[in-house]
Amino acid sequence: GDNNGLIFPFNLAPVQVIIIPIGENNKKIKELALKIKKELIELGLRVEIDFSDKKLGEKFYFWEMKGIPIRIEFGEKELKTKKATVFRRDTKEKKLIPIVQLKKQIPLLGKSLTENLKKKSANAFEKNIIEANSIIDVSKSLGSGKIAKANFCSIELSGKDCAEKLEKQVQGAQVRGIRIDKNEIAKGNCIVCGKKANNVVYIARSY
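Everything numeric in this text was worked out from a predicted model, so none of it was measured.

Undergrad: Just checking my understanding: could you explain the overall build of the protein chain for this structure?
TA: The secondary structure content of the protein chain amounts to 6 helices and 9 strands. A compact globule built from 207 residues should have a C-alpha radius of gyration of about 17 Å, whereas the protein chain, at 25 Å, is more than 25% larger. Counting only C-alpha atoms, the protein chain reaches 75 × 30 × 25 Å along its principal axes. Out of the 207 residues belonging to the protein chain, those deemed buried represent 40%. Counted over contacts in the protein chain with a minimum sequence separation of 6, partners at least 24 positions apart contribute 63%.

Printed below as a string of C-alpha cells:
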C-alpha cells in the first residue's frame, strides 16, 4: 500500500474494476456504465459501478483507499470523444482509452499492474536482506528490521537444535526457510554449530 491506502494486484482484488460515471443521472451515461460493466463481467472480471451520492472526489478517494486496481471514469465530455479516462492504482497514471477498446485494454492493464507490483515487491525484499556470518550479525539485522541470510547446517530434522539455539539467543528470530525461486548453494559453515553448511536460510522475526 501507500499513504492513500491499499494496492491490490489485479488478479487478487475483490473488485478489479470500479466504474465511476460522472453525471450518472444522465440516461446515456448510466446506460454506458451498465454496458461496460456487462462486457467486462463477461470476460470474468469483478466489476462494480459507483452510483452513490458521494462527491466525485470522495468516490475517487474511497476506491483508491480500497486498493481497487483500475478505475474507469467518464462523463458527457467522454461521451462526445468516445474515450474513457482509466486510472491505475499502482502508478496513479491516467490514460484516455477509446470506449470500444476497454474490453481489450483493461485485462492488459491489469496484467501490467500485477507484474509491476511483483517487481516492486521483489526489489523491496532484496533490499531488506543482509548477509549474516554470525549470530551477532543475525541479531543486528533483525534489530534493524531486516532479514538475515545465513549459512545453516540443515533445514532437515538434524538442524533442529541449531534452529532452537538461534531462537533462544536472538529474541523473536525464526528460521523461515530457503528460497524456492533460487538454487542457492551454501559455502562455508553453519553460523550456529560451525559444521559444514548445507543450506542458505533466511531468518526473520514474525510480527
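Read on for the rest.
Undergrad: Honestly, the nonpolar core in this entry has me stumped. Any pointers?
TA: Side chains that are nonpolar tend, in soluble globular proteins, to be buried together. Judged by nonpolar contacts, the single largest core of 23 residues is most densely connected at Val-17, Ile-19, Ile-36, Ile-72, Phe-74, Leu-102 and Ile-106. Dropping the residues within four chain positions of it, Leu-102 is found in contact with Ile-36, Leu-40, Ile-72, Ala-84, Val-86, Ile-97 and Pro-107. Ala-132, Phe-152, Cys-153 and Val-201 belong to the second-largest nonpolar core, a separate cluster that totals 18 residues.

Undergrad: Is there a simple way to explain helix 4 (residues 102-127) in this structure?
TA: Given 3.6 residues to a turn, an α-helix orients residues that are three or four positions apart in the same direction. Helix length check: helix 4 (26 residues) gives 37 Å between terminal C-alpha atoms against 38 Å at 1.5 Å per residue, within 8%. As for helix 4, its buried residues are in contact with strand 1 (17-21), helix 1 (27-42), strand 3 (70-74), strand 4 (83-88) and strand 5 (94-98).

Undergrad: Please clarify how the sheet that holds strand 7 (residues 147-152) should be interpreted in this entry.
TA: Sheet strands associate in pairs through backbone hydrogen bonding, adopting either a parallel or an antiparallel arrangement. Across the sheet, 4 strands lie side by side as 6-7-9-8; this open sheet has mixed pairing. The sheet is open, and its two borders are formed by strand 6 (129-131) and strand 8 (173-177), each paired with just one other strand. Neighbour to neighbour, the strand axes of the sheet diverge by 40 degrees on average, direction disregarded. Contacting strand 6, strand 7, strand 8 and strand 9 (199-205), helix 5 (residues 135-143) runs over the sheet at an angle of about 45 degrees to strand 9.

Undergrad: Help me understand the packing of helix 1 against helix 4, please; the structure alone is not making it clear to me.
TA: Between two packed helices, both the angle of their axes relative to each other and the distance between the axes serve to describe the pair. Across the interface, helix 1 lies against helix 4 with an axial gap of 10 Å and an inter-helix angle of 60 degrees. Regarding the angle of helix 1 to helix 4, the classification is oblique. In this structure, helix 1 crosses over helix 4, and the sense of that crossing is right-handed. Here Ile-36, Glu-39 and Leu-40 of helix 1 come into contact with helix 4, specifically with Leu-102, Lys-103 and Ile-106. Residue composition of the contact of helix 1 with helix 4, by class: 4 nonpolar, no polar and 2 charged.

Undergrad: Quick question: what am I supposed to make of the packing of aromatic side chains here?
TA: The relation between two aromatic rings is expressed through the spacing of the ring centres and the mutual angle of the planes. The tally for this structure, following the rule as stated, stands at 2 aromatic pairs. Ring centres of Phe-62 and Trp-63 lie 4.9 Å apart, and the angle between their planes is 85 degrees; this geometry places the pair in the edge-to-face category. Judged by centre distance (6.4 Å) and plane angle (35 degrees), the ring pair of Phe-125 and Tyr-202 falls under tilted. You can see Phe-125 sitting in helix 4 and its partner Tyr-202 sitting in strand 9, a full 77 residues away along the chain. Residue classification places Phe-125 among the partly exposed positions, given a relative accessible area of 31%. Over the ring of Phe-62 we find Lys-54; its NZ or CZ atom is 4.6 Å from the centre of that ring.

Undergrad: Can you walk me through the sheet that holds strand 4 in this structure?
TA: Read from one edge to the other, the open sheet built from 5 strands follows the order 2-1-3-4-5, with strand pairing classed as mixed. Pairing within the sheet leaves two strands with one partner each, and these edge strands are strand 2 (47-49) and strand 5. Strand-to-strand, the axes of this sheet are offset by a mean angle of 25 degrees, without reference to chain direction. Here strand 3 runs beside strand 4; their pairing, made up of 4 bridges, is antiparallel. Each residue of the ladder has a partner; that of Arg-71, found in strand 4, is Phe-87. This element, helix 1, spans strand 1, strand 2 and strand 3 of the sheet and lies at about 170 degrees to strand 2. Helix 4 contacts strand 1, strand 3, strand 4 and strand 5 of the sheet and is inclined by roughly 15 degrees relative to strand 4.

The rules behind these values
Residues numbered from 1 in each chain as written. Predicted model: local features only at pLDDT ≥ 70, side-chain atom pairs only at ≥ 80, totals over all residues. Heavy atoms only, no water. Helix = DSSP H or I, 4+ residues; strand = E, 2+ residues; numbered from the N terminus. Rg over C-alpha atoms; globule rule 2.2 N^0.38 Å. Buried < 20%, exposed > 50% of the residue type's maximum accessible area, 1.4 Å probe, protein only. Contact = heavy atoms within 4.5 Å. Core = buried A, V, L, I, M, F, W, Y, C linked by side-chain atoms within 4.5 Å. Expected span 1.5 Å × (residues − 1). Pairing = 2+ DSSP bridges. Axes fitted to C-alpha atoms, helices over the stretch in contact; angles between N-to-C directions. Parallel < 35°, antiparallel > 145°, perpendicular 65-115°, else oblique. Left-handed = near helix turned anticlockwise from the far one by under 90°. Nonpolar A, V, L, I, M, F, W, Y, C, P; charged D, E, K, R; others polar. Phe/Tyr/Trp six-rings, centres within 6.5 Å; stacked < 30°, edge-to-face > 60°. Lys NZ or Arg CZ within 6 Å of the ring centre and 35° of its normal.

Nothing here speaks to function; it is geometry throughout.
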